[in-house]
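Architecture at a glance
As a plain string of letters, each chain reads:
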Amino acid sequence: MGAPPLLPILHEPTDAEAVRFGQCSVTYRELRVTAAALARRVSDARRVAIWARPEPETCVAMVAALVAGVPAVPVNPRLGTLELRHLVSDAAPDLVLTAPRASLPAALRALPRLAVDLGTQGGSMQGASMPPEPDPESPALIIYTSGTTGPPKGVVLPRRALAADIDALAAAWGWTAQDVLVHALPLFHVHGLVLGVLGPLRLGGALHHLGSFSVDGVARELGGSATMLFGVPTMYHRLAAAAERDPQVAAVLGRARLLVSGSAALSVSDHRRIAVATGQHVVQRYGMTESLITCAVRAEGPREPGTVGPPLDGVALRLVDDHGEILEAPDDEAVGEIEVAGPTLFLGYLNRSDATAESMREGWFRTGDLATRGLDGGLRLVGRRATDLISSGGYKIGAGEIENALLEHPGVTEVAVTGEPDPDLGERVVAWVVAVGDPPPAAAEFAEHVARLLAPHKRPRVVHYLPALPRNEMGKVRKSELRR
Ligand code: MCA
Ligand code: AMP
């Protein structure tokens, strides 16, 4: 007996729809035929990069790599030159999978390229045999995630973590093959890729991707066959305003089977605005790239605002205070760091055994997130250990990374980056610069510079010019003073 398949439906595919992007729909049978053919062509690779534009080819490439048992590295197509160069040298993919005619940046053009051809969909099942199921402990995905300093680290996720997490979420939400997910998230992070793509595909349901988020697109899909939405709080903030304005938007949101928010805190106020306008209570879940999703409000349980729910079945989770004491009491008061163990954990950071060791305590992964435990067992997130990690639009952004990029600009002599509250994005990136030049470079130029070197979502939205940065006697910038 081999291992149970990660994507069982591919072994007995039907003509049911698997993924849809705009007019382009791919059935499970077509997915099997195309992905099995592609899997044979990548099976010798050690690792493959996937140019993760929101297109059906990205899903097919991902499935092909999983079928072949070759670790896939999804690449944000908006990465700037610095970040992309780091990813390519760190992950060292043998080839890159793209849609036909994708235009690649220089760092990826140097790699052999394989175009995903949806034209092979019409091929026969005879020629599309499935290779044996890879070891559940083998790496499936390498997802890059920002830390507070230095370049992003590649989180290596095994197949068993993906399977365990999706199954636990399915149990928590009554998520089945009958569900159709409206999807508008990027396909290179856990939220959009593991939950949004592999979730429906493991369960045999469908996903409808909008290409990019819009209130109209979400309303159209939920007014049609879609039953669920996965979004970040910025999306729900925009949906709340739309539902208050437009009774039709309110009605379709109200009819959805489940609206789920994650990646950042959904404000109590936006939760309530949506509940008042639509009758629907958005469900929160909490997780991290390294641990996948570990807590969720249950579909059938109470849906209080401000809580991310109790741990998922099968996940071991503990709260540990500053003295190393494990907090047991559900008092909604004592604050501890969330530590996680169990089947949803990553294997480690790629090429960074030092960082992997630092992130663990006695076999438990230290998330850096601080929470209390409520009477009902649900967790309430109250903050993060690292204040240098900015959470903007559901993206985590390391302040150090932006500081390093800005220091490469000839108009900057000193810089500090902080986050400040933003009603739409949660937090926005703020740069405090000591600039040279008369006049100094404009704020828009600094934004362009960061967008080019890193990625557009990391650009500073506000730039303050200072004659000098406030520093302590050790020379360290006093960010608390700047934030004040
Ligand atoms: C603006 N743009 C620029 C510049 N200014 N480009 C270059 N240089 C500039 N100076 C462009 C952008 O590229 C973009 O183009 C457009 O302007 C607007 O971008 P932006 O302001 O960044 O965002 P937005 O369009 O308002 O998007 C909000 C969003 C987005 C849809 C909520 O932030 C988003 O998709 N967030 C999801 C993040 C996520 O998936 N996180 C999961 C990771 P254009 O208009 O062409 O797009 S966390 C995770 O996985 C864990 C496990 C978890 O718990 O989930
Ligand atoms: P990432 O580092 O990109 O994997 O994002 C994981 C981080 O997102 C966690 O460490 C949390 O700080 C944050 N996060 C995820 N879900 C939630 C949530 N429901 N509420 C608050 N923060 C969240």
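Please refer to the structure higher up on the page.
Residues numbered from 1 in each chain as written. Chains lettered and ligands numbered in written order. Predicted model: local features only at pLDDT ≥ 70, side-chain atom pairs only at ≥ 80, totals over all residues. Heavy atoms only, no water.

**Here's the deal with the packing of aromatic side chains**
For the record, the criterion: Pairing of aromatic rings covers Phe, Tyr and Trp, the last counted by its six-membered ring, and requires centre-to-centre distances within 6.5 Å; plane angles under 30 degrees mean stacked, over 60 mean edge-to-face, and any other angle means tilted. Counting from the N terminus, the helices are the DSSP runs of H or I reaching at least four residues and the strands are the DSSP runs of E reaching at least two. When a residue's accessible area, from a 1.4 Å probe over protein chains only, is under 20% of the maximum for its type it is buried; when over 50% it is exposed; and in between it is partly exposed. Placement of a charge over a ring requires the Lys NZ or Arg CZ to be within 6 Å of the ring centre, with the centre-to-atom vector within 35 degrees of the ring normal.
One pass over the structure, following the stated rule, counts six aromatic pairs. Geometrically, the ring pair formed by Phe346 and Phe365 is edge-to-face, given 5.3 Å between the ring centres and 75 degrees between the ring planes. Pair noted here: Phe346 is in the loop between β17 (336–341) and β18 (348–349) and Phe365 is in strand β20 (residues 364–373), with a separation of 19 residues, a long-range link. For the pair Phe346 and Phe365, one class covers both residues: buried. Through a chain of ring-to-ring contacts, three or more aromatic side chains come together here, namely Trp173, Trp175 and Phe230. Just above the ring of Tyr349 sits the side chain of Lys153; from NZ or CZ to the centre is 4.9 Å.

**Points about the site of ligand 1**
Applied cut-off: Proximity criterion: a residue is near a molecule or strand once any of its heavy atoms comes within 4 Å of it. In protein, a polar contact requires one atom able to donate a hydrogen and another able to accept it; more generally it is a pair of N or O atoms within 3.5 Å, and residues adjacent in sequence count only if both atoms are side-chain atoms. Each accessible area is a Shrake-Rupley result for a 1.4 Å probe, and residues are judged covered by the shown protein chains and nothing else.
Around ligand 1, the structure places 24 residues, and the nearest of them are Arg78, Ser263, Arg285, Gly393 and Gly394. Measuring from a nitrogen atom of ligand 1, one finds a side-chain N or O atom of Glu448 at 3.1 Å. The separation between a nitrogen atom of ligand 1 and a polar side-chain atom of Arg459 is 2.9 Å. Here ligand 1 has 1,100 Å² of accessible area as a free molecule, and 72% of this is covered by the chains. Sorting the residues of the shell around ligand 1 by element identifies α6 (190–203), α8 (233–245), β13 (283–288), β23 (395–398) and α13 (443–453) as the ones contributing at least two each.

**As for the pairing of strand β26 (residues 462–465)**
What counts here: Pairing between strands is defined by DSSP: at least two bridges between the two strands are required. Clockwise travel from the first strand over the helix to the second, with the strands pointing away from the viewer, marks a crossover as right-handed.
Two elements, strand β25 (residues 426–435) and β26, share four bridges in a ladder whose sense is parallel. Its bridge partner lying in β26, Ala431 is registered against Val463. The β-α-β motif built from β25, the intervening α13 and the parallel element β26 has right-handed crossover chirality.

**Examining the pattern of salt bridges**
Where charged atoms from two side chains of opposite charge approach closely, those side chains can pair. Quick note on the threshold: Only one rule defines a salt bridge in this text: a Lys or Arg side-chain nitrogen within 4 Å of an Asp or Glu carboxyl oxygen.
Tallied over the entire structure, the rule returns 31 salt bridges. With a shortest N-O distance of 2.8 Å, Asp15 and Arg29 are connected by a salt bridge. Separated by 14 residues along the polypeptide, Asp15 in the segment before β1 (17–21) and Arg29 in helix α1 (residues 28–42) bring together distant segments of the chain. Residue Asp15 is classed as exposed on the basis of its relative accessible area of 54%. We classify Arg29 as partly exposed; its relative accessible area is 33%.

**Section: the environment of Arg238**
As a reminder of what qualifies: Here, two residues are considered to be in contact whenever any of their heavy atoms come within 4.5 Å of each other.
By secondary structure assignment, the location of Arg238 is in helix α8. When the C-alpha positions of Arg238 and Leu141 are compared, they lie 31 Å apart, and in sequence the two are 97 residues distant. Contacts of Arg238, omitting those with residues within four sequence positions, involve Phe213, Val215 and Asp424.

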